[in-house]
Amino acid sequence: MKDFLDGYDIQYWLESAPQGYLKNTEYGHAPGEREPAVLLEDPVLREQAIGVTVQLVVGERCALAASSGLINAAPDEGSKRFLATQTLDEARHVEVFTHRLLDLGVKQNELEDVIRERANPNLVKFAELLLEKVDRKDFVAGVVGQNVILEGMAFNVFEMMHAANREANAKFAHTLSGTIADERRHVGFGENRIGSLIKEHPERKADVEKLQREMSYWMLATFGAQLRQGPSPEEVKQRLAARGVAPSEGAATWQGVRLGDASPAELESALGGTILKEFKIRLERIGIEYQTPVAP
Amino acid sequence: MSDPAQDLHALPPREFLEHVHSFEFWLGSVQGYLAGRPYGHHDGLAEPAWTDPERDRLVTILCHYCVGETMALEGAGGLIRAAPNRPTKVFLATQTVDEGRHLEVLVHRLAELGVADPEREIERRTSAELIRFRDRLLAFVGSGDWDAALFAQNVVLESAEFAVFHRHARSADPITREVLLGIIKDERRHLGFGENELGRRIAKNPALHGRLRAVRAELDPLVLGSFERTLALLGTPAAERSELGRDYLAAVERLGFA
């Protein structure tokens, strides 16, 4: 375990993140990058972008509260130090996505109201459940909820969003790529640390599996609800065309799905399939059997 | 006339606080003094020819520092949930990683000095006063008492560490000195945050000053007792030991908490 934690120390984090892929960025993107004009001008597209970003802020606020709260529950000093880096990563994510809301035209004095009104109730429920475990200083449940379920599942969503924005919105894509790099580290820590703890405490396996079943439900329900909101692919194309935005040359694809043409049901199916496939592999590595949640 | 985009101090108060509490500001602040100093110091600094008693004394002192930094890490992390708004939460997240880094560089220094199991050694050499201070600090943090916890963490603990590290750096070997000077730079930021945040809250609620005075009266003896032990280990003559206590008391008073 000591060797595994050596790869997650603060020196490594400093060299790879602040002095690595975050160097010469501001709020996660290259200096001077802006949201595309069409997002700011078209009210429907702008509302959709705000709605998505609010969920990112809510998820990252939950992750910030959980990772900082878990420092006191961590059983060893190396895990405490890793969680310090994760705490700052999550605070940075809160900051960059909040900044994006301001860039999208949300006024500073309306920020909290917008976040409260538009937060997905399934995500709020997930956050409550996770923070209850953190408050009880249950390190195993907290890390499973935070680093395996929340981050593991959100990871695929970020990748899909990154693919969709790579050409259409370089600013947002850059912000997402830094977030994805951070989350890869967090998921790696979660897998390794929980894998070793489950081996040490096999009696926890059953309640971790139960927790996975319950928490996965709220995450999948969040993704489903978000994908079903907003304009259809046809409407988006019409709105872009009306403002003179030509379709990009190479259609954005992710997991074989053309993102600009896919219906919400197709996106949900591709996302759900990818999440579950990777999630099951991850759980197997930890020594946990995937428990299918009830259909959201 | 100042350009707000260029001059930080020309920003309106809210934007100023938002900026100086941000990840971006932290990143700009630390990049200069952390680059090229893995684990807190340049490669190639020479280790002195230690005698066994000298090395053992330094190990004990560093173990005390590690206890202080571990409580600072747990305290800063725990305070995030109680923080009243996003900028203060983000600032505390930067402080959390600073404290984690301090712990890491000090543990690394212990390893450089030949300590095979730093965690066990830290536990073995911890002083009773520090443990009592830690218990009180984490009790304030655990209860979500923002004012008392922030005062204990960012004023009392940080002032104490600032005074000790500053004094120790003057006589330390080159490697330990560089490690300590890097820590001191972070602590200036933490002290400034505590002073500003509590100063604003006292201005709104003057009764808070009396409450913090009571917290201080409880914690000062633990800090001063801990100093006494550290200075004895450093070999500081008894007559000079009171100077460190005065440094600490002056630092707290300079911050407006006489």
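Every value quoted in this text rests on a predicted model; they were computed, and no experiment measured them.

Draft legend 1. Broad picture of the overall build of chain A. Each helix and strand in chain A was counted, giving 12 helices and 2 strands. Mapped in sequence order, the helices and strands of chain A form the string α-α-α-α-α-α-α-α-α-α-α-β-β-α. For chain A, the C-alpha radius of gyration of 19 Å lies close to 19 Å, the compact-globule estimate for 296 residues. Sorting the 296 residues of chain A into buried and exposed places 45% on the buried side.

Draft legend 2. Structural detail: the overall build of chain B. Regarding its fold elements, chain B presents 10 helices and 0 strands. Ordered by position in the sequence, the α and β elements of chain B form the string α-α-α-α-α-α-α-α-α-α. Relative to the 2.2 N^0.38 estimate, which gives 18 Å for 258 residues, the radius of gyration of chain B is 19 Å and therefore close to what a compact globule would have. Its C-alpha atoms put chain B at 55 × 40 × 30 Å along the principal axes. With 258 residues in all, chain B has 43% of them scored as buried. Pairs at least 24 apart in sequence give 77% of the contacts found in chain B among residues at least 6 apart.

Draft legend 3. Representation of the packing of helix α7 (residues 146–171) of chain B against helix α9 (residues 207–234) of chain B. Residues and elements named next belong to chain B. Orientation of α7 relative to α9, taken along the N-to-C sense of each, is 30°, at an axis distance of 10 Å. As the angle between them shows, α7 and α9 are arranged roughly parallel. For the pair α7 and α9, the sense of crossing is right-handed. From α7, D147, A148, F151, A152, V156, A160, V164 and H168 reach across to α9, where they touch L208, R211, L212, V215, R216, L219, V223, F227, T230 and L234. Grouping the constituent residues of the contact of α7 with α9 by class yields 13 nonpolar, 2 polar and 3 charged.

Draft legend 4. Seen up close, the interface of chain B and chain A. The partner chain A presents 27 residues to the 28 residues of chain B that form the contact. Put simply, the parts of the chain that give the side of chain B that touches chain A at least two residues each are α2 (23–34), α3 (52–82) and α4 (86–112) of chain B. The element contributing the most residues to the side of chain B that touches chain A is α4 of chain B, with 12 residues. Residues that form the side of chain B that touches chain A fall into these classes: 12 nonpolar, 7 polar and 9 charged.

Draft legend 5. Spatial organisation of the environment of F139 of chain A. Residue and element names in this part refer to chain A. Mapped onto the fold, F139 is located in helix α8 (residues 139–165). Of the residues examined, F139 has 21 C-beta atoms within 10 Å and is grouped as buried. Each residue touching F139, except ones within four places of it in the same chain, is listed here: L70, A73, A74 and P75.

Draft legend 6. Inspection of the confidence of the model for chain B at higher detail. Residue and element names in this part refer to chain B. Chain-level statistics for chain B give a pLDDT mean of 90 and a share of 97% at 70 or above. Of all helices and strands in chain B, the one with the weakest mean pLDDT is helix α10 (residues 238–254) (82), whereas α4 scores best (96). In the predicted assembly, ipTM is 0.88 and pTM is 0.91.

Draft legend 7. Structural detail: the environment of V124 of chain A. Checked against the element boundaries, V124 of chain A lands in helix α7 (residues 121–135). Excluding its chain neighbours within four sequence positions, the residues that come into contact with V124 of chain A are V58 and A119 of chain A.

Draft legend 8. Expanded view of α3 of chain B. Taking 1.5 Å per residue, 31 residues should reach 45 Å; α3 of chain B reaches 45 Å between its end C-alpha atoms and fits that length. Across the 31 residues that make up α3 of chain B, a large majority, 23, are buried.

Draft legend 9. A look at the packing of helix α6 (residues 128–142) of chain B against α7 of chain B. Residue and element names in this part refer to chain B. Here α6 crosses α7 at 140°, and the two axes come no closer than 7 Å. Comparing the axis directions of α6 and α7 gives the class oblique. For the pair α6 and α7, the contacting residues are R136, L137, F140 and V141 in the first and A148, A149, A152, Q153 and L157 in the second. Looking at side-chain class alone, the contact of α6 with α7 contains 7 nonpolar, 1 polar and 1 charged residues.

Draft legend 10. Focus on unusual backbone geometry. All names here are of chain A. One non-glycine residue, Y27, adopts positive backbone phi at about 50°. Inspection of the secondary structure assignment puts Y27 in the loop between α2 (10–21) and α3 (37–41). For Y27, a count of 22 C-beta atoms within 10 Å gives the class buried. One non-glycine residue with positive phi stands out, namely Q255, at about 55°.

Cut-offs used in this document
- Residues numbered from 1 in each chain as written.
- Chains lettered and ligands numbered in written order.
- Predicted model: local features only at pLDDT ≥ 70, side-chain atom pairs only at ≥ 80, totals over all residues.
- Helix = DSSP H or I, 4+ residues; strand = E, 2+ residues; numbered from the N terminus.
- Rg over C-alpha atoms; globule rule 2.2 N^0.38 Å.
- Buried ≥ 20, exposed ≤ 12 C-beta atoms within 10 Å, placed from the backbone.
- Contact = placed C-beta atoms within 7 Å.
- Axes fitted to C-alpha atoms, helices over the stretch in contact; angles between N-to-C directions.
- Parallel < 35°, antiparallel > 145°, perpendicular 65-115°, else oblique.
- Left-handed = near helix turned anticlockwise from the far one by under 90°.
- Nonpolar A, V, L, I, M, F, W, Y, C, P; charged D, E, K, R; others polar.
- pLDDT = per-residue confidence, 0-100.
- Expected span 1.5 Å × (residues − 1).

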